[in-house]
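In case you want the letters, here they are:
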Amino acid sequence: MTPSAAPSLTVAPVFDLERVLGSIDSMAAQRPVAAQVVAEANSDRASAKELSRLLGADVALAGRVMKLANSAFYGMRGRVTSLQFAVTVVGFGTVRTMATVALTDLDDESLLPEDFWEVCTTLALAASTLAPRFAERPQDALCLGLLAQMGVALLHHNDPAGYAELWSTHRSAVARRTAEVQRYGISALRLTSVALEQWGFPAGMLVPLTQVDDDASFSGALLRSAFEVTGRLTDGDHAETAIERVSCGQLRERDVAPVLAQVRTDAEELRAALLG
Amino acid sequence: MSARAQAVSGPPVTLEIVAAVFHGVAVSDAVAVLVVEQRDGVPRVGWSNEQVATLLGYGPEDLRAVAVEQLLPTLGGGELKLLLRRERTVHMTLPVRCASGALLECVVAAVPVPPPAGRRWTLRVTSTATEAERALRATADAHERRFATLTERSPVPTLLSEQGMRLAHVNDAFCALVGRQAEQLLGTGWLDAVHPDDLETVVEQAITVLEGGDREAQARLVRQDGSERSTVIRFAHVFTPGAGAGFIGTIEDITDRLAFEARLAHQANHDPLTGLPNRTLLSEHVAARFRPGAGGLACIFLDLDNFKVVNDSLGHTVGDALLVEVADRLRATVRPGDLVARFGGDEFVVVCQQVSEDGAVALAERIGEALHRPLTLAGVELHPRASVGVTVQTAEHAAAEELIRDCDIAMYQAKAGGKGRVTVLDAEARAQARDKLRLVADLREAIGRREITLMYQPIFSTADGSAVAVESLARWQHPERGAIPPGTFVPLAEESGLVSALGLLVLDETCRQLAEWDRRLGDRAPQRANVNVSALQLDVNLPGHVRSALQRHGLPARRLSIEITESALMTDPATARAVLLDLRELGVQVSIDDFGTGYSSLAYLRRLPVDCLKVDRSFVAELADGHAEITSAVIALARSLGLSTVAEGVETQEQADELARLGATYLQGFSLAAPLSGADAAAWFAGTRTATPTDTPDLELT
């Protein structure tokens, strides 16, 4: 990490981090099917048949996967009639992401900061759209983008009032992360990576989360660029950073304009598909 | 650190067991293990096993009291709490600093060792990847890059699906094909480039492929500028372990090929001069709309009157210009949806749907009026007219071609009625036409089976009354209709293209009969046979056919005389003269049949290589009325040109006498000898070749 970009850690946190971390353990027990799906999807031997079999035990989650597969987002126009095909269409990574969303109550907007999902879907679509420019797979980037903010939900669950204030006070991603470290001893992104690692997500998916604040890190460049695009789209007061800098030179400003338009169009659709 | 049994919760364990386990861990070559303790509020390494030295390069003493934060540099700033939890084991993948200072990516598992909680942990450290795994990953990455490069540079437009219809990648060739940027096409954006009418097919095929297998779909792609390209999209299923199913789509642009095929198809089905559909397309068009028993389908057949005059007098270029003008006028006159086709030459057909007979006739009349408007070509004002036949489908029409044939017949009726007319084919005319068609079919069959027989009428010399020759006369005994007169079936053969086959049959059979007579009668056999040739047979092939027939039956050419009508000779005098010269060269005699009934130029007659004139029976008949002028003149003309004469239709002794007196060379008539079958003629020639007439010593009337 580049010290200058890292959150200030000099101030002692005012929140018991152990409590937050402990909640990660208890979530899997509350949604065992979702936890099983996450575990199975992370396996090298994952198959659509087995995943769909597991999903079948959680009607709500299975319904969401079916709905997402049939959404305009995947262009399937209501033709996906079996759960197994739905798993194939949306991809194992997305199934895993949806199960993780269910595991962490991310699908309940009442337990989340205002405009949380707008930011989430925008971030996910921005990451997915930009992924080919960083030689990443769009579907992986979409999942990373969707889950990156999971730490926000965890912090919010444990400290609803405090985190809501932090969320509304600090609009920029960098400022918000600094405030999170000050209050909780850990940033939401870092917390996401801890939770995902604990639930067996592949290490490759976690690297961008840990390196997003290091402007010199290419591994964090995609997520960093996606945050910049998200800021421009969702935050009216966003102070723009040169895209060349955050993307390690992978993007130029002229590349961003069509991405902004496309992401703006698709974000709401994806949110509706994911949350119903 | 000391190993104590109390440190382990659960049932008591002896110190020996603890020592054994501890020793096992200490010398393990599988996992690097460190024990971390809180000292002065800072987690430090208290102990490490031998594998730590192997993996990280530290000796057991090197690490003693080293702060863990130094070993795990990414967990600075208090993040060690994430790893060193009080109540649970935590696994993290993170870089570990080696003795050399290098960072090694490892999985670190921190297990809290109570009690008390939060004071001591064991860390198991394993490298994330072996050398073999790293090499495999590098190879896979290289494959991926090669594939990406190949796809990127490929001139074949290519799509790579991410999940479902969502594209992860399009290459430059595809972007160029649809004239859009990659950013517009990724995700589901590419579906916007598929023509709305073809989208369903494309999505359907792609979905099938996502479930496995290969498919292809023909689809139009819409470019950014709105233009369209016709393509074949070939989808192939791809499966990524751990991710799911997608597809690779390769696109073939078939726009130019389809356009070329369409041009070829158009050329095959359209007349190049007028651009109108040709006869082939006409047939397909009518067949596609013809429903037996239904009505409302009408055909209007037009034939330009006197088109040959225009062609002959003003030239073919002007003739072509007239046809183009007629085509334009037809197109402008018919109703929307009607088909105008060029049937051939100066013939056109209009096909109308949902029209009554009155409506069809009204349209035909409008067409006639439109055509008759004057136009000037090559400085000459023309007023084109057409004979028009109209047929509306009835219950009697069993097939589409009958409709076209009937309007053709109606057109001929119109032309026969005086040109420039519109005629509707009535039931009687249709019945007659069909009857004629059946007769043509029967005639074709009769010729094929050699059921056309020949009769032979003797021809007598006036010099000695001997029978010197025969004329072959074709006869057709129809199995149901009885004898069909030559005056019926010969014109029928000429109209239906059967005259050549009929002529060859007569020629061959005559030669065969002559040869047979020679074998049976020797020198009493007829010395010559006269064979009639139609005007349509009078072409450059005739001498060859004659030569073949003679050779086939071993006859000399002098045994044959070819009879050609005067009108046939005058149809195309130049060709006729060339053919006659060839026949004469061959040694065959040539006679002009029915002389005096046509309009021969006497000057031309002198130049024609003929041997004999046949005086028409109508002139011979006039002898009985005391009018011998024409017969006398013909005989005199022949004599002065050095030609012989045959007087036909001799019915009475007086005629025979008079003709002999006038100097006719030969006589032929029913009263002298009726036509005989081949066998009867053989008997006749074997018995009586000459007679003793009353006044004319050499002839006897029978």
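Data block above holds the structure.
Note that this is a predicted model, so its numbers are computed, not measured.

J.: Before we go on, may I ask you to explain the pattern of salt bridges in this structure?
T.: Side chains bearing opposite charge may pair, as long as their charged atoms lie close to each other. Residue and element names in this part refer to chain B. Under the definition given, this model contains 51 salt bridges over all chains. Its salt-bridge partner being Lys415, residue Asp303 comes within 2.4 Å of it at the nearest N-O pair. Taken together, the residues span a long stretch of sequence, with Asp303 in strand E11 (residues 298-304) and Lys415 in helix H14 (residues 400-416) at a distance of 112 residues. Per residue, the accessibility class of Asp303 equals that of Lys415, and both read buried.

J.: What is the right way to look at unusual backbone geometry in this model?
T.: Where the residue is not glycine, phi is negative for most of them; where a peptide bond is considered, it is trans in most cases. Positive phi values are uncommon outside glycine, yet Cys248(A) reaches one of about 55°. Positionally, Cys248(A) belongs in the loop between helix H15 (243-246) and helix H16 (253-275). Of note in the backbone geometry, Asn306(B) takes a positive phi value of approximately 60° without being a glycine. Looking at where Asn306(B) falls in the secondary structure, it is placed in the loop between E11 and helix H11 (307-314). Exposure remark for Asn306(B): the relative accessible area of 43% places this residue in the partly exposed category.

J.: Would you take a moment to explain the sheet that holds strand E5 (residues 120-127) of chain B for this structure?
T.: Strand-to-strand pairing in sheets goes through backbone hydrogen bonds, with the strands running parallel or antiparallel. Residue and element names in this part refer to chain B. What the five strands build is an open sheet, ordered E2-E1-E5-E4-E3; its pairing is antiparallel. Each edge of the sheet is formed by a strand with only one pairing partner; in this case those strands are strand E2 (42-48) and strand E3 (90-97). Neighbour to neighbour, the strand axes of the sheet diverge by 35° on average, direction disregarded. When strand E4 (residues 103-112) meets E5, the two strands line up antiparallel, connected through seven bridges. Looking at the pairing, Val107 lines up with Thr126 of E5.

J.: I'm lost on H14(B) in this one. Help?
T.: The periodicity of an α-helix, 3.6 residues per turn, causes residues three or four places apart in sequence to face the same way. Residue and element names in this part refer to chain B. In this model, H14 (17 residues) spans 25 Å end to end at C-alpha, consistent with the 24 Å of a helix rising 1.5 Å per residue. Turning to H14, its buried residues number three or more, namely Ala400, Glu402, Leu403, Ile404, Asp406, Cys407, Ile409, Ala410, Met411, Ala414 and Lys415. Count one or two residues on from H14 and you reach Gly418, which has phi positive near 125°.

J.: Got a minute to help me understand the nonpolar core in this structure?
T.: Burial of nonpolar side chains together is a common tendency in soluble globular proteins. Trp117(A), Leu72(B), Leu83(B), Met165(B) and Trp190(B) are the most contacted members of the largest nonpolar core, which totals 159 residues. For Leu72(B), the residues in contact, after removing those within four places along its chain, are Leu80(B), Leu83(B), Leu94(B), Pro95(B), Val96(B) and Val108(B). By size, the runner-up hydrophobic cluster in this structure holds 79 residues, among which are Leu454(B), Leu492(B), Val533(B) and Leu662(B).

J.: Mind showing me how you'd approach the interface of chain B and chain A here?
T.: The extent of an interface is frequently quoted as the accessible surface area lost upon association of the parts. In this assembly, 36 residues from chain B lie in contact with 34 residues from chain A. Looking only at chain B, the three residues that lose the most surface to chain A are Arg85(B), Arg166(B) and Glu183(B), adding up to 19% of its buried area. Glu200(B) is the salt-bridge partner of Arg79(A), the closest N and O atoms lying 2.7 Å from each other. In this structure, the connection of chain B to chain A is made through seven residue pairs in polar contact (both at pLDDT 80 or more). Of all the secondary structure elements, the ones that give two or more residues to the side of chain B that touches chain A are helix H4 (80-83), E3, strand E6 (158-163), strand E7 (166-170), helix H8 (196-210), strand E9 (228-240) and strand E10 (244-253) of chain B. When residues in the side of chain B that touches chain A are grouped by element, the largest group, six residues, is from H8(B). Across the side of chain B that touches chain A, the residue classes break down as 14 nonpolar, ten polar and twelve charged.

J.: It is not clear to me how the pairing of E7(B) should be interpreted in this structure. Could you clarify?
T.: Among the five residues that make up E7(B), four are buried, leaving the element largely enclosed by the rest of the structure. In this antiparallel pair of consecutive strands, E6(B) and E7(B), the connection spans two residues, and Gly164(B) shows a positive phi of 55°.

J.: I keep staring at the sheet that holds strand E16 (residues 386-392) of chain B and nothing clicks. Help me out?
T.: All names here are of chain B. Spatially, the five strands line up as an open sheet ordered E12-E13-E11-E16-E17, and their pairing is mixed. Because the sheet does not close on itself, it has two edges, and the strands there are strand E12 (339-344) and strand E17 (422-424). Here the strands of the sheet are splayed against their neighbours by 20° on average, with no regard to which way each runs. Bridging between E11 and strand E13 (residues 347-352) involves six bridges; their strand directions are antiparallel. Within E13, the position partnered with Ala298 by the bridge is Cys352. Across the sheet, helix H10 (residues 279-289) lies against E11, E12 and E13, angled at about 135° from E12, the strand it touches most. Across the face of the sheet, H14 comes into contact with E11, E12, E13, E16 and E17 while running at roughly 140° to E16.

Conventions used here
Residues numbered from 1 in each chain as written. Chains lettered and ligands numbered in written order. Predicted model: local features only at pLDDT ≥ 70, side-chain atom pairs only at ≥ 80, totals over all residues. Heavy atoms only, no water. Salt bridge = Lys/Arg side-chain N within 4 Å of Asp/Glu carboxyl O. Helix = DSSP H or I, 4+ residues; strand = E, 2+ residues; numbered from the N terminus. Buried < 20%, exposed > 50% of the residue type's maximum accessible area, 1.4 Å probe, protein only. Pairing = 2+ DSSP bridges. Axes fitted to C-alpha atoms, helices over the stretch in contact; angles between N-to-C directions. Expected span 1.5 Å × (residues − 1). Core = buried A, V, L, I, M, F, W, Y, C linked by side-chain atoms within 4.5 Å. Contact = heavy atoms within 4.5 Å. Buried area = accessible area lost by both parts, 1.4 Å probe. Polar contact = N/O pair within 3.5 Å; in protein donor to acceptor, adjacent residues only side chain to side chain. Nonpolar A, V, L, I, M, F, W, Y, C, P; charged D, E, K, R; others polar.

Treat this as a map of the structure, not an account of what it does.
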